[in-house]
Every structure is written in structure tokens, then in C-alpha cells.
Amino acid sequence: MNSHCLIRSREPGNCATGLDGIDLHPILRRIYTSRGVQSADELVTTLDRLLPPNSLGGLDAAVDLLEQAIRQQQRIAIVGDFDADGATSSALMMEALGLLGARHVQYFVPNRFEYGYGLTPEIVHLTAEWQPDLLVTVDNGISSIEGVITAKKYGFSVLITDHHLPGKELPAADAIVNPNLPDNTFASKNLAGVGVAFYVMLGLRKRLRETGWFAEASIAEPNLATLLDLVALGTVADVVPLDQNNRILVQQGLARIRAGCCRPGIKALIQLSGRTLQRLVATDMGFCIGPRLNAAGRLDDMSIGIECLLTQNPETAMTLAAELDQLNRSRREIEASMQDQALQNLDQITTDKAQLPIGLCLYDPGWHQGVIGILASRIKEKFYRPVIIFADGDESEIKGSARSIPGVHIRDVLDVIATENPMLLSRFGGHAMAAGLTISKDKLTDFQQAFDTEVTRVLNGRPLANELLSDGHLQNDEFTLNLAETLRAAGPWGQYFPEPLFDGVFVVQHSRIVGSTHLKLLLMPENGSIVLNAIAFNQAEFFPLQAGTRLKAAYRLDSNEYRGTINLQLLIHYMELE
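Since the model is a prediction, treat every value here as computed from it, not as a measurement. Position numbers for residues start from 1 in each chain and track the written sequence from start to end. Only residues with pLDDT of at least 70 get local features here, since the model is predicted, and only at 80 or more are side-chain atom pairs given and counted; chain-wide, interface and lining totals rely on the full set of residues. Remark: hydrogens and water are excluded; side-chain values derive from all non-hydrogen atoms of the structure.

Re the overall build of the protein
Runs of H or I in DSSP of at least four residues are treated as helices and runs of E of at least two as strands, each being numbered from the N terminus. Counting its regular elements, the protein contains 17 helices and 17 strands. Note on method: radius of gyration uses C-alpha positions; expected globular size equals 2.2 Å times residues raised to 0.38. Relative to a compact globule of 578 residues, whose C-alpha radius of gyration would be 25 Å, the protein shows 24 Å and is just as compact. With respect to the three principal axes, the spread of C-alpha positions in the protein is 75 × 60 × 50 Å. In the protein, which comprises 578 residues, the proportion classed as buried is 54%. Pairs of residues are marked as contacts when any of their non-hydrogen atoms sit within 4.5 Å. Contacts in the protein between residues at least 24 apart in sequence constitute 67% of all its contacts with a sequence separation of at least 6. For the protein, the computed accessible surface area is about 24,300 Å², with 49% contributed by carbon and sulfur atoms. Positive charges are assigned to Lys and Arg, negative charges to Asp and Glu, while His and the chain termini are left out of the count. Note that the charge is assigned to NZ on lysines, CZ on arginines, CG on aspartates and CD on glutamates. For the protein, the distance from the average site of its 50 positive side-chain charges to the average site of its 67 negative ones is 4 Å. Here's how the labels work: a residue is buried when its accessible area is under 20% of the maximum for its type, exposed when over 50%, partly exposed in between, all with a 1.4 Å probe on protein chains only. Computed by Shrake-Rupley with a 1.4 Å probe, the accessible areas treat only the displayed protein chains as cover when residues are assessed.

Right, here's the structure in full:
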């Protein structure tokens, strides 16, 4: 069972908003205002509302490099990352540069088990065999000091496109595009790596249009909106905050996917995940499509995922998507085994959750390096505290994947530890809620102590209480398929613009296990007379629930499609016995 949650109603928001003149369901109006929406303009998701490319710092220098490379038909090497954001960024850059007239473009994605993350000297040596003129990073590079030095020794020009937080020192690249650089005034700091790559391509197309390249080269100016399916997938899968700019990118990509105007690889992944093209929502990309793509980088080689996204052949796409699907099944099995082992290890430390370290670090030599990030998320959810999971890396090193809770900026925590203990961390980088790091195995105990100390200092006595913010209760007459469909269409929902969550007390009418780990329920609202279908994923531990049992639950109102029929269903996010 996951850690106990405190369910609290969201602040209602400012009711005197610019939404008053819009025809909205009262529940949806309440949801929007509680998320800080102040006007109808903030809900517009048309492309003309995107922040202009020329407002993104570093773009001119990047476009200079790329225009020269295209006009001189230089060899351009794209160095990506081994997650879904990196894969979509690599595919987008490959396809866009080809549409814009580049003829010699190749991608290189580090195998995490051989080269590690980012533009390392080792991956530069690999790209050097292809003899590129320009090396472009996507979704990485901002921390690659040594990698850029190595690239410059080879004589390569280097363009870094990234969105991760920079360290105190920047790499000596020829150009850097990253909205999170301190002097970058771009209004959205939340672009994913694929979003940064898309903006760079928009800027390059504008430059090539202005300098007459398309007429000179006798090629049609491309419609880069055809790349938005990639942008939407990478943005959602990387769990970046969905500010208005990102919601536009995601919504426009979703619209193209639902209309069938997406690449064969994404269609194949949707089909294999059991979702319907026309009804796809952002949540489906985050929980069904993204994990299948990520599985390649976790267990094998992300080239499988990139090739799936690049191919125009539906049969090839289905073959590659099936391989990704199988890798994801294997990932689930490995993850389940690792989670069992982690829980056993924690039981050996203490059976009292309150006695666990506030900043929790776990290591096992048998754990799979590609799955430690997911395990860190699972342990964080279960015990509600910042968690780092370590697995064996190269020789005497171990690699860690960190996940945090609100109020603890995990990259800042690592930065403080590195500053106070200069020899403790070999490498680190990341975001507020997730990070990666490498340390020497013999320094694990010292790091565990330093991590727990710094997390404890940051929390400063605040209790470790997992708080769920609810959009309130629903009345009996509000449990309708119409409202579920309205909320479904009102997104895209995601990080920092969360999908509506409600809470209430229910009486169990029936329960059964489905899919070995999920709990299927028939529930009646307290003081109600209707019976509702509900499902609680990965909560089979509650079984059996006798008829008449009272449950307090936080849930989402969902519309479930099964064999062509759409029915109302509650998705139980959290529940406890009353």
C-alpha cells in the first residue's frame, strides 16, 4: 500500500475572472480557476498563440551554424539522449533538417550502458568516425564540458540544444540554445528537449526563407507542423510543466494524431497500447506510448525507438513498435523484481517507516541500470520522501537516479552536496524533481549520510505528508458520461496543469481482481443510489473488499471504451478504508 495521503481541496481561485462570459460546465469553470486560469485567452491552443521563435535566446547563433551547414552541405551529427524526449528530439531534427535541404545528417544516441548520458568524450570519439563538420546535441549537452572540449579538438563546430538546468560552468560550444540559461528571457522555461529542437527548426526555416534558400535549392518550403506529433509525445513523456505554450504544442500534436496525420511509428505504438487514435489524450501518451518508447533506452538501444519514429513504412513501423512493446513487458518484469528486492532491503533496515532516512538511498549490485529511475519513482510514491536508487556503472562507479517530492529541488540538493564535498560526486545533472548522478562505489555510505543531512535541512522540520489536492466532491447527478467526456476534452492535462481529481466516500458493492494486480469495483456514492464502475490500478492488496465496506477515495472521472462502447468509469487514484 502506498503512503497515507492527506486529501485537501484545492483553493478555488479567483472567481472574478475573464471566464465569466464563456459557456463552461460549472465543474470545469471551477477546475480552470483553481489552476490559475484568468482569461479565455489562456485556454486558446492555436499555433498563432505560440511564443515567437525569435524570443528564444541563442537562436541566431544556432541558425548561423545550421544555415552554413546546409548551404555548404556539411555533415551534421545529431547526438541525442536515450529517453523518449531524446528519441523524439533526434527524430525531429533528422526529419526537419532533411526537409530543409540538408543531405548529410546522421544521428548518434549513446547506449547508456557503454557511454552514459550526454555528450561524453566517448560518444564524440564515436561520431568522429563519421567525420562530421557540425555536432548538434538534442535534449543534452548543457553539462558536457569535457565532451565539447573533445569535439573542438577534432575541429567540429558544436551546437547545444538542451532544456536541463545549467551548472556553474557552461561548455565552450559555438552556440547554446537553452531557455533555462540565466540570461535567456524566453517566457517559457518549460520547453522539453523536443520543444527546444522544434523552435530551433522554426528559426532555421525562417532564416532560409528570408535568404532565398528554398528558391535557390528548388525545394518546397516545408510545413513543420507535420512534426508536432513528435513534439507532443516528447513533451508529455518528459513530464515538463504544461504551461500555455506547452499546452499549445501538445494540443496541436494531439489534434494531428487524432486526425490520423501522424507518422506510422506513433500509429503503431497507439495500436499496440490498446488505445484508439481518435480518442487519444495526453495521459495516454504519458502512461502508454512514452513507456514503450522509453523501454528501448532502458533495456537495449534507443536506436530502435528512433527508427520506429523515422520510418515511413507502416509494416516496418509495426515490427519496430512490437519490439518496443516486448521490451516494455520485459521492463515491467524486471521492475517488479527490483521493487520486491528494494522492499526486502528496507524491511531489513527497519519495519517502522518513520525510522527510515528522510533522504533515502538504496543500492543493489543486481539491479538493472536502465530501470532504476522507475524504481526510484515507485519507492518515492510508497514512502513519500526523496529517493535515489543506485546500480552498478563502470568499474568502481555506481550510477544513481533520483526522484523528489514537492519542496525539495533535487538538483539543488546535489549541487550543495557537491560544493560541500568536492570529491563525493563524479557527475550529476537534472531538474527539480528528477536527476541523475555518478559516484564511486566506496563513497556510497558517505553520500547516503550527506544526502539525508541535506534533504533534512531543506525540509526544515516539515512533515513528510503526501498531500493530494482534490477538485472537491461530485453530487450524484454529476456522475455522468457527459461530464467525463467534457473533462477529457478540456485538456491537455499534465504536469502543473493536473487532470481533474475528485474525492468522496463510497460503499463497496462488489470487488474482484483483474490483470493480477488491479482491483475492479462496483461502488455506490455515500447517500446515493447509483452504482458506478471503478478500477484501482496496482491496488490488488485491498482485495477482498466485502460488500458494504466504506471507502474514502480520490478518483478521476473517466470514459472507458471497450469493444466500441463508451461507459463511465472511476479511476481510483488513492483509497483508504473508512
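As for the sheet that holds strand S7 (residues 360–363)
Read from one edge of the open sheet, five strands run S7-S8-S9-S11-S10, paired in mixed fashion. Each edge of the sheet is formed by a strand with only one pairing partner; in this case those strands are S7 and strand S10 (427–430). The average undirected angle you get between the axes of adjacent strands in this sheet is 15 degrees. Across seven bridges, the pairing between strand S9 (residues 397–403) and strand S11 (residues 434–440) is antiparallel. Its bridge partner being in S11, Lys399 is matched across the sheet by Thr438. Every axis corresponds to a line fitted to the C-alpha atoms, with the helix fit spanning only the stretch in contact, and the corresponding angles, defined between N-to-C directions, vary from 0 to 180 degrees. Helix H14 (residues 372–383) rests against S7, strand S8 (387–392) and S9 of the sheet, and its axis sits at about 45 degrees to S9. Strands S7, S8, S9 and S11 of the sheet are contacted by helix H16 (residues 444–459), whose axis makes an angle of about 160 degrees with S7. Strand pairing is assigned whenever DSSP detects at least two bridges linking the two strands.

What to know about the environment of Thr486
Here Thr486 is to be found in helix H17 (residues 481–489). Its relative accessible area of 26% is what places Thr486 among the partly exposed residues. For the pair Thr486 and Leu228, spaced 258 residues apart in sequence, the C-alpha separation works out to 24 Å.

As for the layout of surface pockets
Sizing a probe to match a water molecule and rolling it over the atoms shows the empty space that remains. For cavity detection a 1 Å grid was placed over the protein atoms alone, and a set of points counts as a cavity when a 1.4 Å probe fits there but cannot get out; an open set counts as a pocket when protein lies on both sides within 12 Å along at least five of seven lines, with lining residues being those that have an atom within 4 Å of a point. Grid points are joined across faces, edges and corners, and a volume is the space filled by probe spheres set on the points. There is about 180 Å³ of room inside the second largest pocket. Lining of the second largest pocket is provided by 13 residues; of these, His473, Leu474, Val505, Pro525 and Glu526 occupy positions nearest its centre. Counting residues per element, the lining of the second largest pocket draws most heavily on strand S13 (residues 502–514), which supplies four residues.

What about the sheet that holds strand S14 (residues 518–525)?
Spatially, five strands are ordered S13-S14-S15-S17-S16 in a closed barrel, and the strand pairing comes out mixed. In this sheet, neighbouring strand axes are inclined to one another by 45 degrees on average, regardless of whether the strands run parallel or antiparallel. By the bridge criterion, five bridges tie S14 to strand S15 (residues 532–536) in an arrangement that is antiparallel. Paired with Leu521 across the strands is Ala534, a residue of S15. The sheet strands contacting H17 are S13, strand S16 (550–562) and strand S17 (565–577), and the helix crosses S16 at an angle near 80 degrees.

Comments concerning the pairing of strand S3 (residues 105–108)
The pairing of strand S2 (residues 76–79) with S3 spans four bridges and is parallel. Across the sheet, the residue bridging to Ala77 is Gln106, located in S3. Handedness rule for crossovers: strands pointing away from the viewer, path from the first strand over the helix to the second running clockwise, crossover right-handed. Taken together, S2, helix H3 (residues 84–99) and S3 form a β-α-β motif whose crossover is right-handed.

Regarding the packing of helix H4 (residues 121–128) against helix H5 (residues 145–154)
In a packed pair of helices, the relevant descriptors are the angle between the two axes and the axis-to-axis distance. Here H4 crosses H5 at 30 degrees, and the two axes come no closer than 8 Å. Taken together, the axis directions place H4 and H5 in an arrangement best described as roughly parallel. Once H4 is placed against H5, the crossing between them reads as right-handed. Counting all contacts with H4, which are made through Pro121, Val124, His125 and Ala128, the residues of H5 involved are Glu146, Gly147, Thr150, Ala151 and Tyr154. Any residue outside Ala, Val, Leu, Ile, Met, Phe, Trp, Tyr, Cys, Pro, Asp, Glu, Lys and Arg is labelled polar, Gly included; the first ten of those are nonpolar and the last four are charged. Considered class by class, the residues forming the contact of H4 with H5 number five nonpolar, three polar and one charged. Angle categories are assigned with fixed cut-offs, so that under 35 degrees is roughly parallel, over 145 is roughly antiparallel, 65 to 115 is roughly perpendicular, and the rest are oblique. When the near helix sits turned anticlockwise from the far one by under a right angle, the crossing is termed left-handed; a clockwise turn instead gives a right-handed crossing.

Side note on the environment of Pro166
Among the structural elements, Pro166 can be located in the loop between strand S5 (157–161) and strand S6 (175–177). When the C-alpha atoms of Pro166 and His125 are compared, they prove to be 24 Å apart, with 41 residues separating the residues in sequence.

Side note on the state of the cysteines
What counts as a disulfide here is a pair of cysteine sulfur atoms lying within 2.5 Å. Within the structure shown, the criterion is met by zero disulfides. Note on Cys308: no disulfide assigned, nearest cysteine sulfur contributed by Cys262 at a separation of 11 Å.

Let's talk about the pattern of salt bridges
The salt bridge definition used is simple: a Lys or Arg side-chain nitrogen within 4 Å of an Asp or Glu carboxyl oxygen. Considering all chains together, one arrives at 31 salt bridges under this definition. The residue Arg8 makes a salt bridge to Glu11 at a minimum N-O spacing of 4.0 Å. The exposed category is assigned to Glu11, whose relative accessible area is 56%. Across the pair Glu221 and Arg209 runs a salt bridge whose closest N-O atoms are separated by 2.8 Å. Of the two residues, Glu221 is situated in the loop between helix H7 (213–217) and helix H8 (228–237) and Arg209 in helix H6 (residues 193–210); the sequence distance between them amounts to 12 residues. Judged by its relative accessible area of 35%, Glu221 falls in the partly exposed class. The exposure class assigned to Arg209 is partly exposed, which follows from its relative accessible area of 41%.

Note that all results are geometric; they support no functional claim without further evidence.
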